[in-house]
Amino acid sequence: MWEEAQSSHVLSSALPSRYLVLVQQPSFNSDSYLFGFLRRLHFVGMVDPSQVNKYYQASDIFTTASTSETQGLTYYEALSNGTVAICRDDDSLEGVIKDGFNGYKYHNFEEFNSCVNLVLENEDFHKELMDNARGYALENFSVESFGFKCESLYEKAVNEYGYESSFIHKRL
C-alpha cells in the first residue's frame, strides 16, 4: 500500500497534467494515502474484456508492483497494444520487458520514479518505446508467433528423431 501511495505522489507532483486510471474496483479503506491525488484518480471498475485494449491504447504507461501476478497476460496485453510497461522486476518478465526498449523493470521506488519520468518527459523516446512494445509483442507473443514456435519445435523433434521401426512399411 505504501508503494502505491508513493507512486501516486510521484505522478501527482512530478506530472501535474497526468491522470491515474485504474481498471479495477478500489481496494483501499482510506483515500488519505493518495496524498491529494484523488481529483486525478479514476476508478473505472471492471470493464468488458472486449474493451480492455482501448484502455491500454489510451494509456501512456502500464505499471504494476506485483511480484506474484496472477493475471500474467496483462504484460503481453499492454505491450501488444503499444503501451510502455514499467513493472517491478520479476523472473517471469525475463524476455518480456527489455529495459530501454519496450519499457523498464524496477527494483525500488527511486527506480520506478526515474523510469516514469524518463519515459513521460520525452515524447520522442516514449513513441519509440511504444512502437518497440507493439512490434516486439507481435513478433514474440502473438498467436502466429506461438504457432510458428510450436511448428518449429515439432519439426525439430521429428527431424532429430533417429528411431525407425522395423514396421515402417505398415505405415506407408
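Everything below is about the structure printed above this text.
Now for a quick tour of the structure. Here the structure is a predicted model, which is why all the values come from computation and not from measurement.

The rules we used
- Residue positions are counted from 1 within each chain, in the order its sequence is given.
- Only residues with pLDDT of at least 70 get local features here, since the model is predicted, and only at 80 or more are side-chain atom pairs given and counted; chain-wide, interface and lining totals rely on the full set of residues.
- Note that water and hydrogens are dropped before the side-chain values are worked out from all heavy atoms of the structure.
- Helical segments are the DSSP runs of H or I of at least four residues, strand segments are the runs of E of at least two, and each set is numbered from the N terminus.
- When a residue's accessible area, from a 1.4 Å probe over protein chains only, is under 20% of the maximum for its type it is buried; when over 50% it is exposed; and in between it is partly exposed.
- Shrake-Rupley sampling with a 1.4 Å probe provides the accessible areas, and residues are treated as covered by the protein chains on show and by no other component.
- By convention in these notes, a salt bridge is any Lys or Arg side-chain nitrogen within 4 Å of a carboxyl oxygen on Asp or Glu.
- In this analysis, the expected span of each helix is defined as 1.5 Å times one less than the number of residues it contains.
- By arc we mean the arc of the directions from the helix axis to the C-beta atoms, nothing more.
- In protein, a polar contact means a hydrogen-donor-capable atom and an acceptor-capable atom, both N or O and within 3.5 Å, with residues adjacent in sequence counting only if both atoms are side-chain atoms; elsewhere, any N or O pair within 3.5 Å suffices.

### As for the overall build of the chain
And step 1. Helix and strand counts for the chain come out as 7 helices and 5 strands.
And step 2. Going from the N terminus to the C terminus, the chain shows its helices and strands as α-β-β-α-β-α-β-β-α-α-α-α.
And step 3. Counting over 172 residues, the chain shows a buried share of 34%.
And step 4. For the chain, the exposed area adds up to about 11,300 Å²; of that, 53% sits on carbon and sulfur atoms.

### Section: the pattern of salt bridges
And step 1. Taken as a whole, this structure holds 1 salt bridge when the rule is applied.
And step 2. Between Asp131 and Lys127 there is a salt bridge, with its nearest N and O atoms 2.8 Å apart. Linking Asp131 with Lys127, this pair stays in helix H5 (residues 123–141), spanning 4 residues, or about one helical turn.
And step 3. We classify Asp131 as partly exposed; its relative accessible area is 43%.
And step 4. Given a relative accessible area of 45%, Lys127 falls into the partly exposed group.

### Considerations on H5
And step 1. Given a rise of 1.5 Å per residue, 19 residues ought to cover 27 Å, and the 26 Å separating the end C-alpha atoms of H5 matches this to within 8%.
And step 2. Within H5, the full set of buried residues consists of Phe125, His126, Leu129, Asn132, Ala133, Tyr136, Ala137 and Asn140. Projected down its long axis, H5 carries its buried residues within an arc of 125 degrees, all on one side. H5 presents Glu123, Asp124 and Glu139 as exposed residues on the side facing more than 90 degrees away from its buried surface.
And step 3. The N-cap residue of H5 is Asn122: its side-chain oxygen and the backbone nitrogen of Asp124 are 3.1 Å apart.

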